[in-house]
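Coordinate inspection notes
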Amino acid sequence: MSEGTGDDASENKKIEFLEAILKACMLDWSHIAFIANTADLPIDTKETISQLNPSILISFGVTIDSENAGDTKLYEVITLQQRKFLKAESLHTISQDNEKKKALWGGLKNI
C-alpha cells in the first residue's frame, strides 16, 4: 500500500497506525483491500474487486468510480458488490486528527 511520496519512516508510521486500529477492531490484512493514491484519479471498484477479491474494501483519500459508492459518507460502511466498503480520508489526514481517528475507529468497528 502506498499513499503518495514520502520517506520510509513516514510510510511505516502510517502502516503501524493502520495495523494498530485493525488489530483493535479484530481485523487483519488477509481479507481487506486498501486503496490509496495521490493522482486523484477515480478508482474502478469493479476492476479492483475482480483483481483482489477482498471481502472488505477500504479507501483512503481516493475518488471512487462507482455509482453506488461515489456519494458515500466518510466512515460509513456500505455494501458494494457484495463486499463491505468504507470510505475514509487519507491516512496522513486521519493520523493528524483525533476526531478523524475516532471516526475511522467507529467505521471499522461496524465492519
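1. Remarks on the side chain of arginine 83
The topology assignment puts arginine 83 in strand β6 (residues 83-88). Its relative accessible area of 17% is what places arginine 83 among the buried residues. A polar contact of 2.6 Å, which involves the side chain of arginine 83, links it to the side chain of asparagine 53. Engagement of the side chain of arginine 83 in a polar contact is seen with the backbone oxygen of proline 54, the distance being 2.8 Å. Aside from chain neighbours lying at most four places away, what touches arginine 83 is Ile49, Asn53, Pro54, Ser55 and Ile78.

2. Some points on helix α4 (residues 98-109)
For α4, with 12 residues, the first-to-last C-alpha span of 16 Å sits near the 16 Å given by 1.5 Å per residue. Taken together, the buried positions of α4 are Leu104, Gly107 and Leu108. Down the axis, α4 shows its buried residues gathered within 95° of arc, on one side only. Structural note: α4 exposes Asn98, Glu99, Lys102 and Lys109 on the side pointing more than 90 degrees away from its buried face. In the core, the buried residues of α4 are packed alongside α1 (8-24), β3 (56-60), β5 (77-80), β6 and α3 (91-95). Sitting at the amino-terminal end of α4 is aspartate 97, which places a side-chain oxygen 2.8 Å from the backbone nitrogen of glutamate 99.

3. Some details on the pattern of salt bridges
Scanning the entire structure with this criterion turns up 2 salt bridges. With its nearest N and O atoms 3.0 Å apart, the salt bridge here joins lysine 100 to glutamate 89. Here glutamate 89 lies in the loop between β6 and α3 and lysine 100 lies in helix α4, a separation of 11 residues in the sequence. Note on lysine 100: relative accessible area 23%, which makes it partly exposed. Two residues, glutamate 99 and lysine 102, come together in a salt bridge whose shortest N-O distance is 3.6 Å.

4. Let's talk about the pairing of β3
Where burial is concerned, most of β3 is hidden: 5 out of the 5 residues are buried. Neither face of β3 is left uncovered, since the one carrying Ile56, Ile58 and Phe60 and the one carrying Leu57 and Ser59 both have all their residues buried. As defined by bridge partners, β3 adjoins β6 across 5 bridges and the pair is classed as parallel. Its bridge partner lying in β6, isoleucine 58 is registered against leucine 86.

5. Thoughts on the nonpolar core
Ile58, Phe60, Leu104 and Leu108 are the most contacted members of the largest nonpolar core, which has 18 residues in total. Secondary structure elements with two or more residues in this core: α1, β1 (32-36), β3, β6, α3 and α4. Setting aside its immediate chain neighbours within four residues, isoleucine 58 contacts Ile32, Ala33, Phe34, Ile35, Leu86, Leu108 and Ile111. Ala33, Ile43, Ile78 and Phe85 belong to the second-largest nonpolar core, a separate cluster that totals 9 residues.

Calculation rules
- Residues numbered from 1 in each chain as written.
- Predicted model: local features only at pLDDT ≥ 70, side-chain atom pairs only at ≥ 80, totals over all residues.
- Heavy atoms only, no water.
- Helix = DSSP H or I, 4+ residues; strand = E, 2+ residues; numbered from the N terminus.
- Buried < 20%, exposed > 50% of the residue type's maximum accessible area, 1.4 Å probe, protein only.
- Polar contact = N/O pair within 3.5 Å; in protein donor to acceptor, adjacent residues only side chain to side chain.
- Contact = heavy atoms within 4.5 Å.
- Expected span 1.5 Å × (residues − 1).
- Arc of directions from axis to C-beta.
- Salt bridge = Lys/Arg side-chain N within 4 Å of Asp/Glu carboxyl O.
- Pairing = 2+ DSSP bridges.
- Core = buried A, V, L, I, M, F, W, Y, C linked by side-chain atoms within 4.5 Å.

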